[in-house]
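An overview of the molecular structure
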Amino acid sequence: MNKIKTGLVGYGFAGSTFHAPVLSAIDALELTAVASSKPELVHKDWPHATVYAEPAQLFADPSIELVVIAAPNEAHFSLAQAALQAGKHVVVDKPFTISSFEAQSLIALAKERKLVLSVYHNRRWDGDFLTLKALLAQGTLGRIASVESHFDRFRPEIRQRWRESGAPGGGLLYDLGPHMLDQAMQLFGKPEKLYADIVLQRDGAQAVDYMHIVLYYDRLRVVLQAGCLVKAPTARFAVHGDKGSFVKFGLDPQEDALRAGGRPGQPGWGVDPVRGALHLGTQPDGHFDHLAMQPGCYQEFYRGMADAIRHGAAAPVAAEDAAATIRLIELALQSAAEGRVLAVS
């Protein structure tokens, strides 16, 4: 079967690190074109790829079946819309869009054109998240009472890049928020209520660099927190139920491996050297099991995308799921502005 010729829009950090090497690990996909203003960078890594100066030129290429949007957040909607109108299947890097209206517009357009539209929520394939998902499915921890999900960093200096600018879609809420909200909804569904505290903490900050979101599910509380002024290690996950607890420190290793030039499929890919701690009620106080994480596998997103295009399988991440995270972000902004808990309709 012919490979799915794929075009990538944007060759900054997201395009060069999270998309090009990951999609190229899938035999059914072939990166053949990139829209970028820096052709020398593209050709250094992908010498056989065609480089277009403008996305419109890539969209007009009749050989391209799949387009990946890895541009700044505020451009996601217009670029994805243009790609769909050109008859291409589309992957959009998270966040899907800046607004719910934009997200629903793209979903309607993709359905009208009978095209596959998905969003790169790659952290569904973090090893620690896969491990936690399995623990909950097995009922190991019993009825879950509380969850804390942290994504903290120590970055006191503000970088000169769009992610930390005052541009629409900048800041942690749109950067890490979609991942954390998506993971929570994958585990527990849509919350009943939401409360958010967001702030600019660093000197000279122009975009949100601290967020604290509480999701309310009946008796369960899920706390999502991320900050840029956290030097001490915090637990990536701390999950507590009526049969025990699961605690995991450290981030999934796939991002660091990709930054270092690694690619999925290499020996040891996705293997996390940090084990989790499983504290069960049947154990004496102070005793716990060291739990190895499942291997992470970002490449499974693009394997699923190829299956959706060639075989009619479901998209690896439903666009409707991604739109739901954008709606929660909108509610988080409203909650923080009004200082109150909001119902999630």
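Residues numbered from 1 in each chain as written. Predicted model: local features only at pLDDT ≥ 70, side-chain atom pairs only at ≥ 80, totals over all residues. Heavy atoms only, no water.

Re the overall build of the protein
Put simply, the rule reads: Numbered from the N terminus, helices here are DSSP runs of H or I no shorter than four residues, and strands are runs of E no shorter than two. Categorising residues by exposure relies on relative accessible area from a 1.4 Å probe, with only protein chains included: less than 20% of the type maximum marks a residue as buried, more than 50% marks it as exposed, and the intermediate range marks it as partly exposed. Throughout, a residue-residue contact means that at least one pair of heavy atoms, one from each residue, lies within 4.5 Å. We get accessible surface area from the Shrake-Rupley algorithm with a probe of 1.4 Å; when it comes to residues, only the shown protein chains can shield them. A positive count includes Lys and Arg, and a negative count includes Asp and Glu. His and the chain ends are not counted in either. Lys charges are placed at NZ, Arg charges at CZ, Asp charges at CG and Glu charges at CD.
Across its full length, the protein holds eleven helices and 15 strands. When the backbone C-alpha atoms are referred to their principal axes, the protein occupies close to 65 × 45 × 40 Å. Counting over 345 residues, the protein shows a buried share of 54%. Considering only contacts within the protein whose residues lie at least 6 apart along the sequence, 71% involve residues at least 24 apart. Summing over all exposed atoms, the protein offers an accessible surface of approximately 15,000 Å²; the carbon and sulfur share of this is 52%. For the protein, the separation between the mean place of its 34 positive charges and that of its 37 negative charges on side chains is 2 Å.

Description of the pattern of salt bridges
Which entries qualify depends on this criterion: A carboxyl oxygen of Asp or Glu within 4 Å of a side-chain nitrogen of Lys or Arg is what we treat as a salt bridge.
Enumeration over the complete set of coordinates arrives at 19 salt bridges. Linked through salt bridges whose partners overlap, the residues forming this network are R123, D126, E255 and R259.

Observations regarding the side chain of D182
Among the structural elements, D182 can be located in helix α8 (residues 177–188). The class of D182 is buried, set by a relative accessible area of 3%. For D182, the contacting residues outside a window of four places in its chain are H121, R124, D321 and T325.

So, helix α10 (residues 299–311)
For clarity, the cut-off: A helix is expected to span 1.5 Å for every residue after the first.
Counted at 1.5 Å a residue, the expected span for α10 with its 13 residues is 18 Å, and the 18 Å between its end C-alpha atoms agrees. Taken residue by residue, α10 has Q299, F301, Y302, G304, M305, A306, A308 and I309 as its buried positions. Directly beyond the C-terminal end of α10, a positive phi value near 75° is found at G312.

What about the sheet that holds strand β14 (residues 289–291)?
To keep things clear, this is the line we draw: Two strands form a pair only when DSSP identifies at least two bridges running between them. Between the N-to-C directions of two axes lies an angle of 0 to 180 degrees, each axis being a line fitted to C-alpha atoms and, for a helix, fitted only over the stretch in contact.
With mixed pairing, nine strands are arranged side by side in an open sheet as β14-β13-β12-β11-β7-β10-β9-β8-β15. Each edge of the sheet is formed by a strand with only one pairing partner; in this case those strands are β14 and β15 (342–343). Strands β7 (144–150), β11 (235–241), β12 (244–249), β13 (276–280) and β14 of the sheet are contacted by helix α6 (residues 127–138), whose axis makes an angle of about 5° with β11. Against the sheet, helix α11 (residues 319–338) touches β8 (193–199), β9 (210–217) and β15, its axis set at about 70° to β8.

Thoughts on the packing of aromatic side chains
Definition in use: Stacked, edge-to-face and tilted are the three classes for Phe, Tyr and Trp ring pairs, Trp counted by its six-membered ring, which pair at centre distances within 6.5 Å; planes under 30 degrees apart are stacked, over 60 edge-to-face, the rest tilted. Geometrically, a charge over a ring is one whose NZ (Lys) or CZ (Arg) sits within 6 Å of the ring centre while staying within 35 degrees of the ring normal.
Scanning the model with the defined rule gives six aromatic pairs in all. Centre to centre, the rings of F13 and F18 are 5.5 Å apart; their planes meet at 90°, and the pair counts as edge-to-face. By relative accessible area, F13 is classed as partly exposed at 31%. Centre to centre, the rings of Y120 and F301 are 5.0 Å apart; their planes meet at 85°, and the pair counts as edge-to-face. Pair noted here: Y120 is in strand β6 (residues 117–120) and F301 is in helix α10, with a separation of 181 residues, a long-range link. The exposure classification of Y120 matches that of F301, with both residues buried. Among the aromatic residues, those joined into a ring-pair cluster are Y120, W125, F301 and Y302. When the ring centre of Y216 is taken as origin, the NZ or CZ atom of K193, which lies over that ring, is 5.2 Å away. Directly above the aromatic system of F237 lies the positively charged group of R236, at a separation of 4.3 Å from the ring centroid.

Looking at the sheet that holds strand β5 (residues 89–93)
Within the open sheet, the six strands sit side by side as β3-β2-β1-β4-β5-β6. Their pairing is parallel. Of all the strands in the sheet, just β3 (50–52) and β6 have a single pairing partner and so form its edges. The average undirected angle you get between the axes of adjacent strands in this sheet is 25°. Relative to strand β2 (residues 29–35), strand β1 (residues 4–9) is paired through six bridges, and the arrangement is parallel. Considered in β2, the bridge of G7 is made with A33.

Section: α8
Compared with the 16 Å implied by 1.5 Å per residue over twelve residues, the 16 Å span of α8 between its first and last C-alpha is a close match. Within α8, nine of the twelve residues are buried, which leaves it mostly tucked inside the rest of the structure. After α8 finishes, the residue G189 shows a positive phi value of roughly 80°.

Everything listed here is a matter of coordinates, which is why it stays silent on function.
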